[in-house]
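Chain by chain, the residues run as shown.
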Amino acid sequence: MSQVSIEKEIIEENAGGEFERTPVPQSKLKSWKSFLGMYAGEHAAGTEFMIGPLFLTAGVSAFDLIVGLLLGNLLAVLCWRYLTAEIAFKNRLTLYFQLEKICGKNLVTGYNLANGILFCFLAGSMITVSATAVGIPFDMPMPKLEDTLPNGATWVIIVIAIGAVISIIAARGYDTVSKAANWMSPIIVLAFLACGVVALNQLGVSSYSQFWDIWGQGRDPFPGQIKYTFWHVVIWSWFANAAMHIGMSDLSVFRFAKKASSGWTTAAGMYIGHYIAWIAACLLYAVYLNSPEAQAFLSNGEAPPVAPGPLAYNAIGVFGIIAVVLAGWTTANPTIYRAGLAFQAILPKLSTAKVTILAGTIATIAGLFPAFAMKLLGFVALYGFILAPFGAVIVFEHFFHEQAGIVKNYAEVANIKFNKSVLFAWAISFGLFYFISVQFDVFLSFVTLPAWLLCGVMFLVFSKQFQR
């Protein structure tokens, strides 16, 4: 056995058998049922309790919300099925090892670090969501929409406790994460449906026209928020998970799939979570807006707080508290798992469990600051915009390397640690479209697809030039 093979076996053993640097073997592949539970649990989860109400603060109309979400989520499912799952099925590698083969060790280290930290921030926002539920019995003051810092010792203690539990679950690996999601997701889905039904009753809705009138023709956005139109809803819902589908982060998940068709299971997450759950959470916030407390905020020119725990508790009592806690967990668990894989790619000789605990610690610290949750719409848009173009490098190389006449996995083949083609393609596409967004006040999600396409094309052009 060669020294390289021996080193790979040692690394794999230390990594806990998660196959971070080798293709997943046939014996470890999973059926579509594993992914169905995971995606339903992850996307009918903590983010939904935040995002639903935030749509209402953005002044969406009924048509924009209901039809826009139908279209945007369909586009996301198609990306997962025909891009992410297809490539994962063929290569069976994590995103991070796949990028290392293309970009080189030095370049991908910077990407992995950024990716892992952004995942931690996203997981932190879900710890924040769970904390708003756990804090109810302790009469904890809830964070407001504009809050950035922790609001008291009780908040800090609850966030740390939740973060510790979530990190331990995530550190046990993909099997545990998947099993936890399968167990929790039916409870969470039932809770969202119950919240929606109760909220409709509290709003006095007895017909479809009354349901439609909740949003009507739209309204002015709340203070500090931007106005969302139909295309805002479509594009944002399409790219809410841009880092996962067109950004290829879910290669790390679908590498375990027996068939590429397992990519269709993401529809469970999109239409249960990013459709029914968003609308149900939006209805909860609509009930709260009719309360004297919310009206007092509005009369003072302030946006009423969005605290998922109290919103769900007001609808379905203690079951609402349990549902919000579990919802935060089912999003944070796989997110911390992904962050751990990103850090493990930087430190391959450390076990997956250790780097996942590190990721969980960072996520918990982020969870102390409510801003990540309260500004979730903007953060998710920025997060996808930064990371998605790297996925274009993988997609364009996979599908077009022969037509472009370039060498696949060039960094590995040429034994280089820094592929300039990738850096130049990402930097130009990111810089150009971020400038357009800032200079001309263009909604960031609107330029995510153009940046992704430009990065992919420029990667092929630069590769053709530099590989001569």
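As shown above, the structure is provided for reference.
Residues numbered from 1 in each chain as written. Predicted model: local features only at pLDDT ≥ 70, side-chain atom pairs only at ≥ 80, totals over all residues. Heavy atoms only, no water.

Let us now look at the overall build of the protein. A tally of regular secondary structure across the protein gives 21 helices and zero strands. Here the protein has a C-alpha radius of gyration of 22 Å; the compact-globule value for 468 residues is 23 Å, and the two agree. The C-alpha extent of the protein, read off along each of the three principal axes, is 70 × 45 × 40 Å. Classification of the 468 residues of the protein by burial places 60% in the buried group. Summed over all atoms, the accessible surface of the protein reaches about 17800 Å², with 66% contributed by carbon and sulfur. Across the protein, the mean location of the 27 positive side-chain charges is 10 Å away from that of the 24 negative side-chain charges. (Helix = DSSP H or I, 4+ residues; strand = E, 2+ residues; numbered from the N terminus. Rg over C-alpha atoms; globule rule 2.2 N^0.38 Å. Buried < 20%, exposed > 50% of the residue type's maximum accessible area, 1.4 Å probe, protein only. Areas by Shrake-Rupley, 256 points an atom, 1.4 Å probe, with all protein chains shown as cover. Lys, Arg positive; Asp, Glu negative; His and termini not counted. Charge placed at Lys NZ, Arg CZ, Asp CG, Glu CD.)

Attention now moves to the nonpolar core. Grouped burial of nonpolar side chains is what soluble globular proteins tend to show. Counting residues in each nonpolar core, the largest one holds 153 residues, and the members touching the most others are F55, W215, Y228, W236, I279, L376 and Y383. Here W236 is in contact with I51, F55, Y228, W231, W278, L377, V380, A381, F443 and S445, once residues within four sequence places are set aside. (Core = buried A, V, L, I, M, F, W, Y, C linked by side-chain atoms within 4.5 Å. Contact = heavy atoms within 4.5 Å.)

The geometry of an aromatic ring pair is captured by two quantities: the separation of the ring centres and the angle between the planes. Using the criterion set out here, one finds 31 aromatic pairs in the structure. Between F379 and Y383, the aromatic rings sit 6.0 Å apart at their centres with planes inclined by 20°, giving stacked as the arrangement. Remark: Y383 and F379 occur in helix α18 (residues 376-404); sequence separation between them is four residues, near one turn of the helix. Look at F379 and you get buried, because its relative accessible area is 12%. Owing to a relative accessible area of 2%, Y383 belongs among the buried residues under this scheme. Ring pairs connect the aromatic residues F55, Y228, W236, W278, F443 and F446, which therefore count as one cluster. Geometry around Y82 places R81 over its ring, the cationic atom sitting 4.7 Å from the centre. Geometry around F466 places K420 over its ring, the cationic atom sitting 4.9 Å from the centre. (Phe/Tyr/Trp six-rings, centres within 6.5 Å; stacked < 30°, edge-to-face > 60°. Lys NZ or Arg CZ within 6 Å of the ring centre and 35° of its normal.)

In contact at an axis separation of 7 Å, helix α6 (residues 105-134) and helix α16 (residues 352-367) are set at 55° when each is read in the N-to-C sense. Accordingly, the angle class assigned to the pair α6 and α16 is oblique. In this structure, α6 crosses over α16, and the sense of that crossing is right-handed. Between α6, through C120, F121, A123, G124, I127 and T128, and α16, the contact on the second element is made entirely by A359, I362, A363, T364, A366 and G367. Split by residue class, the contact of α6 with α16 holds eight nonpolar, four polar and no charged. (Axes fitted to C-alpha atoms, helices over the stretch in contact; angles between N-to-C directions. Parallel < 35°, antiparallel > 145°, perpendicular 65-115°, else oblique. Left-handed = near helix turned anticlockwise from the far one by under 90°. Nonpolar A, V, L, I, M, F, W, Y, C, P; charged D, E, K, R; others polar.)

Along the chain, the position of V205 falls in the loop between α8 (174-202) and α9 (208-213). Remark: the alpha-carbon pair of V205 and R219, spanning 14 residues in sequence, is separated by 20 Å. For V205, the contacting residues outside a window of four places in its chain are L200, Q210, F211 and I214.

Everything listed here is a matter of coordinates, which is why it stays silent on function.
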